[in-house]
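Take a look at the letters that make up each chain.
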Amino acid sequence: MARRALKLVSLAAASSGFYLYGSKYLDPNDFGAVRVGRAIATTAVITYDYLTSLRSVPYGSHEYAYLKSQVHLRSAERLRDLCCANRGTFIKVGQHLGALDYLLPEEYTRTLKVLHSQAPQSSMKEIEQVIREDLGKEIKELFVSFEDTPLGAASLAQVHKAVLQDGRTVAVKVQHPKVQAQSSKDILLMEILLLTVKQIFPDFEFMWLVDEAKKNLPLELDFLNEGRNAEKVAHMLKDFDFLKVPRIYWELSTRRVLLMEFVEGGQVNDRAYMERNSIDVNEISRNLGKLYSEMIFVNGFVHCDPHPGNVLVRKCPATGKAHIILLDHGLYQVLTEKFRLDYCRLWQSLIKADMKRVQKYSRRLGAGDLYPLFACMLTARSWDSVNRGIDRSPVTASEDVEIRTNAAAYLPQINQLLNNVPRQMLLLLKTNDLLRGIESALHTRASASSFLNMSRCCIRAVSTYQRSKSHSLYRKAKISLLEALSLWQINLHELFLRLKGSRLGNWVIAFLSRMHHSLY
């Protein structure tokens, strides 16, 4: 009976789809019934697949594991196709899921990752309409030239290269015209479908995803908010001479149109581009770590969408220095002071392999008895590596496979954790996974320098807080002295590691070794 109902739903959706796609004047995505029908049909088919495909197979057997992987893959492909068809909010949520490499089964993350390169494009007629409505003028009145083909298209907007009347080359970010109207309805639809699935699978806990979309989507759809974020982070990190944040041109920016300085570069995960342009891969990875450690631990204002399309690198023609270009400032997480300090102390404990404090601060961040799983999710390391010390051994291929396998095995517990931790943590977990993906592409993952930078920022953040709460000059001086000593120890350790990895260091070690053998 259920199978017959699914066939009827699919047939009805297909019939209406063929009619609408055959029309030159109608876009099926303009019709709520089509979008809703498509989402309901996809959810029904995925649910039916999980209910029936594993029913007669012994749990825990090799056959069960194989069939479950196949169901994951089929379901991920159906979900990807739904996102591509419904576009907008669906693609945004799908991209979010695709970024959770170490939190979701690999079949989902691998399949949904393509959504970053399969975002829809609005037609030039639609772009002209948005610019006319928001800026009150035609494109030819505002620009000397305006490229029809976008530089890039994302789930909510696309970017065109243009030249202003005064000769400035700019990037023009224009929102897809129907996204605003559809977003709130799409989120409501997702909420209803997820609640329905939860009735069938009680362990299915993905309401955190809808909560995040409700909170963040209105902010991302306001390009004036994005412009303010860009200026705030540029000012906040002005001492980092390697960071470039494109300037905003406010006179031609609205909630749906954002004009920025045009800056070119290669994607941050493009190792070949860096080698062609004589850019030091390790320096880029090190500076990216510095950038995010400063944002997370010191400032508590975090750019939460660092996928490779939003982080570019270039060699500055004037100075020859490598620059990191940070784009797309629509999504930032503001951390409360309490959360930020607990998070600092947790990372300090993880780096020192202090398990008692790992447990203490994990619990304070909402992990409860699942603190070992939480530590593994944060670090993307096995529990054995966490106990030994995450800075003491590199990530191996077998450990990576173990983590991904456990992500599938512990999915109910992971979902429980994501529902229990503070909402601030969700975007940080996504950010962590995106940054790890970049490090993996550059072959710099779990490098000692990244942990040293994190340690520096954690020490500075905690010391600043302690000084602000102290009314004694002696106490403040003591805190500052301990801070200086701790930072000096880190600098000394970093110098040792650099010497150890250099030719001079290897020569000194070899010389001392020969001296030792000659004496004894």
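Residues numbered from 1 in each chain as written. Predicted model: local features only at pLDDT ≥ 70, side-chain atom pairs only at ≥ 80, totals over all residues. Heavy atoms only, no water.

**Student:** Explain the overall build of the chain to me, using residue names and the numbers behind them.
**Tutor:** Within the chain, the regular secondary structure consists of 22 helices and eleven strands. Counting all 520 residues of the chain, 49% fall into the buried class. Taking contacts inside the chain between residues at least 6 apart in sequence as the whole, the part at least 24 apart equals 68%. Summed over all atoms, the accessible surface of the chain reaches about 25700 Å², with 57% contributed by carbon and sulfur. (Helix = DSSP H or I, 4+ residues; strand = E, 2+ residues; numbered from the N terminus. Buried < 20%, exposed > 50% of the residue type's maximum accessible area, 1.4 Å probe, protein only. Contact = heavy atoms within 4.5 Å. Areas by Shrake-Rupley, 256 points an atom, 1.4 Å probe, with all protein chains shown as cover.)

**Student:** Account for the packing of helix α4 (residues 89-98) against helix α9 (residues 207-220), with residues named and values stated.
**Tutor:** One can describe the packing of α4 onto α9 by two numbers: an axis separation of 11 Å at closest approach and a directional angle of 120 degrees. Judged on the interaxial angle alone, α9 and α4 are oblique. The element α4 and its partner α9 pack so that their crossing is right-handed. Where α4 approaches α9, its residues Thr89, Lys92, Val93, His96 and Leu97 are matched on the opposing element by Trp208, Leu209, Ala213, Leu217 and Glu220. Its residues assigned to classes, the contact of α4 with α9 shows six nonpolar, two polar and two charged. (Axes fitted to C-alpha atoms, helices over the stretch in contact; angles between N-to-C directions. Parallel < 35°, antiparallel > 145°, perpendicular 65-115°, else oblique. Left-handed = near helix turned anticlockwise from the far one by under 90°. Nonpolar A, V, L, I, M, F, W, Y, C, P; charged D, E, K, R; others polar.)

**Student:** Can you break down empty space enclosed by the protein residue by residue, with the values?
**Tutor:** This model, assessed by the stated rule, comprises two cavities of 30 Å³ or more. Size it by volume and the largest cavity reaches roughly 410 Å³. Along the wall of the largest cavity there are 23 residues; nearest its centre are Leu435, Arg436, Glu439, Ser450 and Met454. Elements that contribute at least two residues to the lining of the largest cavity include exactly α12 (281-299), α13 (337-352), α15 (371-379), α19 (423-442) and α20 (448-469). Here the residues of the lining of the largest cavity are counted per class, giving 13 nonpolar, six polar and four charged. Together, 15 residues line the second largest cavity, and Lys92, His96, Ala213, Glu220 and Leu331 are the ones closest to its centre. The set of elements that each furnish at least two residues to the lining of the second largest cavity consists of α4, α9 and α19. (1 Å grid on protein atoms, 1.4 Å probe; cavity = no way out; pocket = protein on both sides within 12 Å on 5 of 7 lines; lining within 4 Å. Points joined across faces, edges and corners; volume = space filled by probe spheres on them.)

**Student:** Describe in detail the sheet that holds strand β9 (residues 311-315), supporting the description with residues and values.
**Tutor:** Reading across the sheet, the four strands line up as β5-β10-β9-β7 and stay open at both edges, with mixed pairing between neighbours. Unpaired on one side and paired on the other, β5 (243-244) and β7 (266-267) mark the two borders of the sheet. Bridging between β9 and strand β10 (residues 322-326) involves five bridges; their strand directions are antiparallel. If you follow Leu312 over to β10, its bridge partner there is Ile325. Contacting β5, β9 and β10, α12 crosses the sheet at an angle of about 45 degrees to β10. (Pairing = 2+ DSSP bridges.)

**Student:** Any details on the side chain of Ser155? Residues and values, ideally.
**Tutor:** By the secondary structure assignment, Ser155 is in the loop between β2 (152-153) and β3 (157-164). Apart from residues lying up to four places away in sequence, Ser155 is in contact with Gly88, Ile91, Lys92, Gln95, Ala119, His176 and Val179.

**Student:** Pulling in residues and values, what's your account of a nonpolar patch on the surface?
**Tutor:** Together, Leu481, Leu482 and Leu485 line one region of the surface with nonpolar side chains, adding up to about 290 Å² of accessible area. Along the chain, Leu481 falls in helix α21 (residues 473-501). The exposure class assigned to Leu481 is exposed, which follows from its relative accessible area of 53%. (Patch = residues over 30% accessible without salt bridge, like charges linked within 9 Å, V, L, I, M, F, W, Y side chains within 5 Å. Salt bridge = Lys/Arg side-chain N within 4 Å of Asp/Glu carboxyl O.)

**Student:** I'd love a proper account of the layout of surface pockets, names of residues and values included.
**Tutor:** Each pocket or cavity is described by its volume, and for the largest pocket that value is around 1500 Å³. The wall of the largest pocket is formed by 47 residues, among which Tyr50, His72, Tyr108, Phe204 and Leu411 lie closest to the centre. Mapped by element, the contributors of at least two residues to the lining of the largest pocket are α2 (32-53), α3 (62-86), α4, α5 (106-112), α8 (179-200), α17 (397-409) and α18 (411-420). Approximately 840 Å³ is the volume found for the second largest pocket. Around the second largest pocket, the lining is made up of 39 residues, and of these Gly152, Val159, Gly309, Asn310 and Leu327 lie nearest the centre. Looking at the lining of the second largest pocket, the elements with two or more residues in it are α4, β2, β3, β4 (169-175), α10 (223-236) and β6 (257-261). Across the lining of the second largest pocket, the residue classes break down as 18 nonpolar, 13 polar and eight charged.

**Student:** Can you lay out the nonpolar core for me, pointing to particular residues and giving the numbers?
**Tutor:** Counting 108 residues, the largest nonpolar core has Leu291, Tyr343 and Trp347 as the members making the most contacts within it. Of all hydrophobic cores here, the second largest spans 17 residues; its members include Leu142, Phe146, Ala162 and Leu252. (Core = buried A, V, L, I, M, F, W, Y, C linked by side-chain atoms within 4.5 Å.)

**Student:** Explain the packing of aromatic side chains residue by residue, including any values.
**Tutor:** Evaluation of the coordinates by the stated rule reveals seven aromatic pairs. Aromatic pair Tyr59 and Tyr64: ring centres 5.0 Å apart, planes at 65 degrees, arrangement edge-to-face. Tyr64 sits in the buried class, given a relative accessible area of 14%. Centroid distance Phe297 to Tyr343: 5.7 Å. Interplanar angle 20 degrees. Geometry classified as stacked. Placement of the pair is Phe297 in helix α12 and Tyr343 in helix α13, with a sequence separation of 46 residues. Tyr343 matches Phe297 in its accessibility class, with the two residues each being buried. Members of the aromatic cluster, joined through ring pairs, are Phe297, Phe339 and Tyr343. Over the face of the ring belonging to Phe301 we find Lys232, whose NZ or CZ atom lies 4.1 Å from the ring centre. (Phe/Tyr/Trp six-rings, centres within 6.5 Å; stacked < 30°, edge-to-face > 60°. Lys NZ or Arg CZ within 6 Å of the ring centre and 35° of its normal.)

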